[in-house]
Amino acid sequence: MAFDNPLAGEIWATKYRFASEAGGDASLAATWDRVAAALAHAEAPGQQDLWRRRFEEALEDFRFLPAGRIIAGAGTDRSVTLFNCFVMGAIPDSLEGIFGHVREAALTLQQGGGVGMDFSSIRPAGAPVMGVAADASGPLSFMDVWDSMCRTIMSAGQRRGAMMGCLRIDHPDIEAFIDAKRDPGRLRNFNLSVLVTDAFMQALDRGDEWSLIFDGQVVRTVPAPDLWRRLMQANYDGAEPGVIFIDRVNALNNLGYCETILASNPCGEQMLPAYGACLLGSINLARLVAAPFTPEAALDEAALAALTRTAVRMLDNVIDGSRFPPEAQAAHRTGRHWVGRCAGLLRRGLRRRPRGGPDGAVARPVEARGLPRLRRTGGREGPLPAL
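It should be emphasised that the depicted structure is a prediction, and the values quoted were computed from it without experimental measurement. (Residues numbered from 1 in each chain as written. Predicted model: local features only at pLDDT ≥ 70, side-chain atom pairs only at ≥ 80, totals over all residues. Heavy atoms only, no water.)

**What to know about the overall build of the protein chain**
Here is step 1 of the chain: If you tally the helices and strands in the protein chain, you get 13 helices and 18 strands.
Here is step 2 of the chain: Looking at the protein chain residue by residue over its 387 residues, the buried ones come to 45%.
Here is step 3 of the chain: Sequence separation of 24 or more characterises 71% of the internal contacts of the protein chain that already satisfy a separation of 6 or more.
Here is step 4 of the chain: Surface exposure of the protein chain reaches about 18900 Å², of which carbon and sulfur atoms provide 53%. (Helix = DSSP H or I, 4+ residues; strand = E, 2+ residues; numbered from the N terminus. Buried < 20%, exposed > 50% of the residue type's maximum accessible area, 1.4 Å probe, protein only. Contact = heavy atoms within 4.5 Å. Areas by Shrake-Rupley, 256 points an atom, 1.4 Å probe, with all protein chains shown as cover.)

**Details of the packing of aromatic side chains**
Here is step 1 of the chain: Throughout the structure, instances matching the rule amount to 11 aromatic pairs.
Here is step 2 of the chain: Between Phe119 and Trp146 the ring centres are 5.0 Å apart and the planes differ by 85°, which places this aromatic pair in the edge-to-face class. You can see Phe119 sitting in the loop between strand S3 (114-118) and strand S4 (128-129) and its partner Trp146 sitting in helix H6 (residues 139-152), a full 27 residues away along the chain. Accessibility assignment for this pair places Phe119 and Trp146 in one class, buried.
Here is step 3 of the chain: Ring centres of Phe119 and Phe190 lie 6.0 Å apart, and the angle between their planes is 75°; this geometry places the pair in the edge-to-face category. Linking Phe119 in the loop between S3 and S4 with Phe190 in strand S9 (residues 190-196), this pair joins segments that are 71 residues apart in sequence. For the pair formed by Phe119 and Phe190, the shared burial category is buried.
Here is step 4 of the chain: The ring of Trp51 carries Arg54 above its face, with NZ or CZ at 4.7 Å from the centroid. (Phe/Tyr/Trp six-rings, centres within 6.5 Å; stacked < 30°, edge-to-face > 60°. Lys NZ or Arg CZ within 6 Å of the ring centre and 35° of its normal.)

**Thoughts on the side chain of Glu104**
Here is step 1 of the chain: Along the chain, Glu104 falls in helix H5 (residues 95-110).
Here is step 2 of the chain: No salt bridge is formed by the buried Glu104. Its closest oppositely charged neighbour is Arg103, at 6.1 Å.
Here is step 3 of the chain: A polar side-chain atom of Glu104 sits 2.6 Å from a polar atom in the side chain of Tyr275.
Here is step 4 of the chain: Those residues within four positions of Glu104 in sequence are excluded, and the remaining contacts are Met88, Tyr275 and Pro326. (Lys, Arg positive; Asp, Glu negative; His and termini not counted. Salt bridge = Lys/Arg side-chain N within 4 Å of Asp/Glu carboxyl O. Polar contact = N/O pair within 3.5 Å; in protein donor to acceptor, adjacent residues only side chain to side chain.)

**Some words on the pairing of strand S8 (residues 163-168)**
Here is step 1 of the chain: Within S8, 5 of the 6 residues are buried, which leaves it mostly tucked inside the rest of the structure.
Here is step 2 of the chain: With 6 bridges connecting them, S8 and S9 associate as parallel partners. Across the sheet, Cys166 pairs through a bridge with Ser193, a residue of S9.
Here is step 3 of the chain: Each parallel crossover has a hand, and for S8 linked through helix H7 (residues 174-179) to S9 it is right-handed. (Pairing = 2+ DSSP bridges. Right-handed = clockwise from strand over helix to strand, strands pointing away.)

**Brief notes about unusual backbone geometry**
Here is step 1 of the chain: Backbone torsion omega between Glu240 and Pro241 reads 0°, so that peptide bond is classified as cis.
Here is step 2 of the chain: Tracing the sequence through the fold places Pro241 in the loop between helix H9 (224-238) and strand S12 (242-245).
Here is step 3 of the chain: Although it is not a glycine, Asp215 sits at a positive phi angle of roughly 55°.
Here is step 4 of the chain: By the element assignment, Asp215 lies in the loop between strand S10 (209-214) and strand S11 (217-223).

**As for the pairing of strand S15 (residues 276-284)**
Here is step 1 of the chain: In terms of residue burial, S15 counts as a mostly covered element, since 9 of its 9 residues are buried.
Here is step 2 of the chain: Judged by which residues are buried, S15 turns out to be covered on both faces: Gly276, Cys278, Leu280, Ser282 and Asn284 on one side and Ala277, Leu279, Gly281 and Ile283 on the other are all buried.
Here is step 3 of the chain: As defined by bridge partners, strand S2 (residues 85-87) adjoins S15 across 2 bridges and the pair is classed as antiparallel. Its bridge partner lying in S15, Phe86 is registered against Ala277.

**Topic: H6**
Here is step 1 of the chain: When the terminal C-alpha atoms of H6 are compared, their 20 Å separation across 14 residues agrees well with the 20 Å that a helix rising 1.5 Å per residue should span.
Here is step 2 of the chain: Among all positions in H6, only Pro139, Leu140, Phe142, Met143, Trp146, Asp147, Met149 and Cys150 are buried. Axial view of H6: buried residues confined to an arc of 160°, hence all on one face. Turned more than 90 degrees off the buried face of H6, the exposed positions are Arg151 and Thr152.
Here is step 3 of the chain: Each element contacted by the buried residues of H6 is listed here: H5, S3, S8, H7 and S9. (Expected span 1.5 Å × (residues − 1). Arc of directions from axis to C-beta.)

Next comes the structure, spelled out in structure tokens:
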């Protein structure tokens, strides 16, 4: 199977091809065969050959692309995770707890996962540390420890680690957090995001003073507009920190009855609870356009629906075959994205996004086929324990 360009072949060879003394993947087709066989292993013995063929068909011509950790790790017998994204647990405000979480993050990075953390639970710089007659160094100093750890560990032996660091807008060290990356040598292995609450946005609208709080105590106040301006200026100057409207995220979470979203994964697209894990795969719309570049060009909705059913089953099988560095990370999600959207539009003869966009037309067959597939999975695996 040929690559569309030499760079794609180089990326496969250096990042995703399995190489071993026994030979490993001789070609991209061998990679697809390895991944399909590994994921089909979760099926009943009499069904494994059938699903192996179906999974290979989905992978051929890049129609469905499982996330990188699946392609790199499935069927290799390496001690790696097949999940790309994790959010770690709530960090205790104690030395033992903090370094216990450094260890958990290190193990996750070592096995190939990226990690997100909310550092808001660590007391601010200058706060008293009872019993040792000392002042706390604050969350940013401990983020430096995480940063050094990440720099030291080569994630899954192939790539550097990825981390997201979050801090609430009402934490007393929020100004130092906002300005942290103005030092070009600091926190280079982190993406940063501020967790912005509804209460702050209301204070901003009114132009009120904003209380910076830790452990229920107001440490000091700052004008909400000044804090927002500082955040926006930092983002304008260096693209960080980002903003996560954390109350909006939790209000819209359809699992809000049993969990609280804590932070996001390193890339910022997946919000997760404590020890949440995200399993990803992408459907390539450009490969699903019938009669491309002709007046008859159209998205093959039947093919999209069938591919969606297979993709859901593949990702569900990954859950059974993956390792979770800390076992608490087994609280997981599956996510299906689509790639090749612009190429798909061009192949259909659309030079720009039509009013209202194509997203609804694409999402409807995905939802229509994906949700029944998930319901059947629930019938086979059992209901969510929280229900």
